[in-house]
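Examining the three-dimensional arrangement
Residue strings, one per chain:
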Amino acid sequence: MHALPLPLAATAQSLGEGATELPVVSLVGGLLVLLVLGVAARAVAQWLRIPDALALVTAGAIAGALADRVDLLAPVGDLAVTPGVVFFVFLPTIVFHSAFGMDGRALRDNLTPTLTLAIPGLLLSTAVIGWIVHGFAPGMGVVLSWPEALLLGSILAATEPVAVLSMFSRVGAPKRLSVLVEGESLFNDATAIALSRVLLGVMAAGAVGGVLLDGAVQLVFVFLGGLAVGWVLAFAAGLVLGAVRSDALVEGTITTVLAYLAFYVGELTFEVSGVMSVVAAGIVIGGWGQAKISPAVHEYLKGYWEYLAGLANWLIFLLVGLTVDFGALLESLPILAGVVAAMFVSRALAIYTLLPLANRLSGQEPIDRGYQTVILWGGVRGGVALAIALSLPESVPHRDLFISLTTGAVLVSLIVQTFTIERVVRYFRLDRPQLSDRLAQLEAQIAARARTLAEIPVLEEGGLFSRKIATEVRGRARAALDAERRALEELRQEGMDRDQERRLLYLRCFAAERSQYYRMLALGHLSERAYRNLTHSLDLQIEGVRHQGRLPEFTLHPPSGERYETMLYRLLERVPGLRPRVERLRAVRAARDYQVAWARYRGDQRALSDLDDLAETIGAREEVVDELRAYYTYWYEQARARLDQTAELFPEFVGAAQRRLADRLALHAGEDEIRERVLAGTIPEGVARVMLSRMRDELASLTRTDAEKLLVGPEELLKNVPFFARLPPEEFAVVADKLRLRTAPTGDRIVTQGRAGSTLYLIARGVVRVTREDAGVSRDVATLIAGEFFGEMALLHGGPRRATCRAVTPCALYELRRTDVDVVCEVCPEMKEALEEADRVRSDELQALAETALDLV
């Protein structure tokens, strides 16, 4: 059920049929001719305004027809396409490029509807195409078995929604819709390839029943197995990327190796879906691993993968033009018409039935019929469908017919859908950008004109630039600036109500925050994980404001339930020997929370400082500005309060963090000074490179979080817990031996009402809030500080916890298990008395609260 095991070395040496050797000179010459043809075809396509794919296939066909007559084209006549070339050379690049640009967090949030569209939708399309083709093909003189008809259906069900994604970007459609379409395309391609392998197995076995069932099981296995392989390899690659600093060559090579290694290991080593392995690897590196990539290299990698994927698509379409028999394609026009009709009917059924279902399952904003139709018409067939067809083994019946039909269907799809998609968009009135985008466009033009006017005096300073020309340029720029300012004012008066001003101002402030966070990441002030959390929070806020007109209820973490990280830690600490490591991870999380609070403090500060200027650019009402200032002031004060709390409770940690900050600022200032001296010629470039390399090493050493400063020793209890204060050192040593440190980040749920528990917690540092729910009414019961304890009820009586305790600030706690209480109480009798007294008092308080809650009900 996997791609043919053709070694990469053999693929690199042979592009001809079977194992026929192709001289290296001919191979290189053929590739050079293809690249030149690609450039020429792209130029013609842009000139005639036709799809690139149509021009590339035509160029390939012309080159193939003239190869025997024109010496310069002779090398391409020896080229042919083998399954190994398609799968091991082209597909990894195309798939990784799409996955690398995917927002992994957004995809996770929309995973259910995405998979509903990608898997059941493709299966439905495959079944409909297969049923229609199987029914009408005999009337055209072609008899296809059910497996053969379904195989053709699986090939033609794969889509590449490039056009619709481009349209979404232009009109400012909700990000969720783009994620659904792009995510569907990724998983759709993987499902189509895996399904085609299953159907090939059915055809080879000559039976349907048992083989089809085995194939369905195998489909699930290769799908999930591919995800696992890609995730593991991407995690390893991310760790390596994190150790590399601003080296485009190395980082680009690592991602390239990852894309091909994921495919190769998935297909040949574990015999799972190589495409799914690449999808998982690309999503992980594009999400979690993106912060591992050096900021200076990130834009380079985006362009690098866009180039590789574009080049792979070029070569696929050119090779199709060389390979396909256009005479046979013309002869198959009647059946091609039926296949194209089946292709559109199946897609319409999948979109109009499963997309509403997927939307209901996601519980999010509905996708109306206009967007559904645009998704339908924008799902053109492209390189992946051709790649699957070209990879079919020679032994497959009707292989040449399948290639011809796929080529014809792709060309029809490209011509018809690409040329008409704009009309569909206009019909549903989706071609006009949102007001905020039009305002942003005008503001950018005004800023550009203003900069032009500011640069003209620089040209005049030397006295060599014509004053007449300068005056003409200044006049044109001022006229254009005045016109754009009038257009901006008209746009504000025409469509800017209070709500739109509020949305637009929020979006401008969020952009200022994002800029601040990226700068902090680039300077090493933010960890990669903290930066990802902050930018994801901003994305959620932008989506909420842009498309729902309000801020979301939560951003970083859901309000109910525990964070996945917390649950994982609780599972891991039960494993013998892992508790110290888990405690270290908890401390790291608390340190990261401090970083996030600090970054939000700086981001809110930046937004507040820019607010008046941002408001002036859009002409916002005073009450709108006051509303946002109130929100940002509240967030600013909240972040500052959290920083102050941490500084008060853990001064060692905060002091270390501030020293690292000062050291980083000094090193960055030194880097700037050295670069300026290199430009001035006062320091040789070789010496400067050595100095800058040393500074980068020092900066890398300053990225650690000093989380160990959050791990306080048990001696803190001597200062804060009254019944330990009078213990002699040797007796306290016995107590300390039984205590286990537990670090609780802010917001961490330490104990949960209703769950079993047998541990007492003593607070060394921090503040804990106790909450109890009775008859559906939740109330705060108490606030505990250093020196107090909780959990004594479950410890003394057994049974479930009677209240929920959550960390209000970062907390340093010590746990005492039931099995150790007797030992500690023997050493410290006062502790037993304190526990029993607290148990009596708190039981009475909880009983009174429960009765009050019942009275309210």
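Residues numbered from 1 in each chain as written. Predicted model: local features only at pLDDT ≥ 70, side-chain atom pairs only at ≥ 80, totals over all residues. Heavy atoms only, no water.

**Here's the deal with the overall build of the chain**
Filter applied, for reference: Secondary structure follows DSSP: runs of H or I at least 4 residues long count as helices, runs of E at least 2 residues long count as strands, and numbering of each begins at the N terminus. Note on classification: 1.4 Å probe, protein chains only; a residue is buried when its accessible area is under 20% of the maximum for its type, exposed when over 50%, partly exposed between these limits. Contact between two residues is taken to exist if any of their heavy atoms lie within 4.5 Å; hydrogens are not considered. What sets the accessible areas is the Shrake-Rupley method with a 1.4 Å probe; for residues, cover comes only from the shown protein chains.
When helices and strands are tallied, the chain shows 35 helices and eight strands. Scored against the burial criterion, the 857 residues of the chain give a buried share of 51%. Across the chain, the fraction of contacts at a sequence separation of at least 24, relative to all contacts at a separation of at least 6, is 81%. As presented, the chain carries roughly 39800 Å² of accessible surface, and 58% of it is formed by carbon and sulfur atoms.

**What about unusual backbone geometry?**
You will see that Glu271, though not glycine, has its phi angle at about 55°, which is positive. Take Glu271: it is sitting in the loop between α13 (248-269) and α14 (274-286). In this structure, His398 takes a positive phi of about 65° despite not being glycine. Looking at the element boundaries, His398 is found in the loop between α19 (383-390) and α20 (399-427).

**Re the confidence of the model for the chain**
Worth spelling out the cut-off: The pLDDT value expresses, per residue, how confident the predictor is, ranging between 0 and 100.
The predicted model of the chain averages 80 in pLDDT, with 88% of residues at 70 or higher. The weakest mean pLDDT in the chain belongs to helix α1 (residues 8-13) at 34; the strongest belongs to α13 at 93. Scored below 50 in pLDDT, residues 557-562 makes eight contacts in the model with residues more than four places away or belonging to other chains.

**Side note on the layout of surface pockets**
For clarity, the cut-off: Each cavity reported here is a set of points on a 1 Å grid over the protein atoms alone in which a 1.4 Å probe fits but cannot get out, each pocket an open set with protein on both sides within 12 Å along at least five of seven lines, and each lining residue one with an atom within 4 Å of a point. Grid points are joined across faces, edges and corners, and a volume is the space filled by probe spheres set on the points.
By volume, the second largest pocket is sized at about 580 Å³. Considering the residues around the second largest pocket, the lining is formed by 23 residues, among which Arg570, Glu573, Arg574, Ala756 and Tyr761 are closest to the centre. Going through the elements one at a time, α25 (564-572), β1 (740-744), β2 (749-751), β3 (759-765), β8 (811-817) and α34 (818-827) are the ones with two or more residues in the lining of the second largest pocket. Looking at which element gives the most residues to the lining of the second largest pocket, the answer is α25, with three residues.

**Brief notes about the sheet that holds strand β4 (residues 768-774)**
Test applied: Following DSSP output, two strands are said to pair if at least two bridges run between them. Helix axes are fitted to C-alpha atoms over the stretch in contact, other axes to C-alpha atoms as well, and angles between N-to-C directions run from 0 to 180 degrees.
Overall, antiparallel pairing links the four strands, which are arranged β2-β7-β4-β5 in an open sheet. At either margin of the open sheet sits one strand with a lone partner, and together these are β2 and β5 (777-784). Neighbour-to-neighbour, the strand axes of the sheet open up by a mean angle of 30°, direction not taken into account.

**A look at the packing of aromatic side chains**
What counts is decided by this rule: Classification of ring pairs rests on two measures: the distance between centres of Phe, Tyr or Trp rings, Trp counted by its six-membered ring, which must be within 6.5 Å, and the angle between planes, read as stacked under 30 degrees, edge-to-face over 60 and tilted in between.
Within the structure shown, the criterion is met by 18 aromatic pairs. Ring geometry for Tyr300 and Tyr304: centres 5.9 Å apart, planes at 20°, overall stacked. Note that Tyr300 and Tyr304 are positioned in helix α15 (residues 295-323) at a spacing of four residues, about one turn of the helix. Taken together through their ring pairs, the aromatic side chains of Phe96, Phe100, Tyr300, Tyr304 and Trp305 make up a single cluster.

**As for the pattern of salt bridges**
The line we're drawing: For salt bridges, the criterion is a side-chain nitrogen of Lys or Arg within 4 Å of an Asp or Glu carboxyl oxygen.
What the rule picks out here adds up to 21 salt bridges. Here Arg42 ties to Asp52 by a salt bridge, and the two come within 3.2 Å at their closest N and O atoms. Remark: Asp52 occurs in helix α3 (residues 52-66) and Arg42 occurs in helix α2 (residues 24-48); sequence separation between them is 10 residues. Between Asp612 and Arg629 there is a salt bridge, with the nearest N and O atoms lying 2.5 Å from each other. Taken together, the positions of Asp612 in helix α26 (residues 579-618) and Arg629 in helix α27 (residues 622-649) put the pair 17 residues apart, joining distant regions of the chain. One network of salt bridges, with partners in common, ties together Glu394, Arg399 and Asp400.

**A look at the packing of α15 against α19**
Keep this limit in mind: For this classification, under 35 degrees means roughly parallel, over 145 means roughly antiparallel, 65 to 115 means roughly perpendicular, and everything else is oblique. Here a crossing is called left-handed whenever its near helix is offset anticlockwise from the far helix by less than a right angle, and right-handed whenever the offset is clockwise. Gly falls in the polar group here, along with every residue not listed as nonpolar (Ala, Val, Leu, Ile, Met, Phe, Trp, Tyr, Cys, Pro) or charged (Asp, Glu, Lys, Arg).
It is the contact of α15 with α19, at a shortest axis distance of 10 Å, that shows an interaxial angle of 50°. Between α15 and α19, the crossing angle belongs to the class labelled oblique. Crossing of α15 against α19: the hand is left-handed. Residues Asn313, Ile316, Phe317, Val320 and Thr323 of α15 form the contact with α19, whose own contacting residues are Gly383, Leu386, Ala387 and Leu390. In the contact of α15 with α19, the residues fall into six nonpolar, three polar and no charged.

**Topic: the environment of Ala61**
Within the fold, Ala61 resides in helix α3. A C-alpha to C-alpha distance of 7.7 Å links Ala61 and Leu318, two positions 257 residues apart in sequence. Contacts of Ala61, omitting those with residues within four sequence positions, involve Gly321, Leu322 and Phe326.

**A short note on the sheet that holds β3**
By way of backbone hydrogen bonds, the strands of a sheet pair with one another, either parallel or antiparallel. Reading across from one edge, β1-β8-β3-β6 is the order of the four strands in this open sheet, with antiparallel pairing throughout. Looking along the sheet, the strands with just one partner apiece sit at the ends: β1 and β6 (789-790). Here two bridges tie β3 to β6, and the two strands are oriented antiparallel to one another. Bridging across to β6, Leu762 finds its partner in Phe789.

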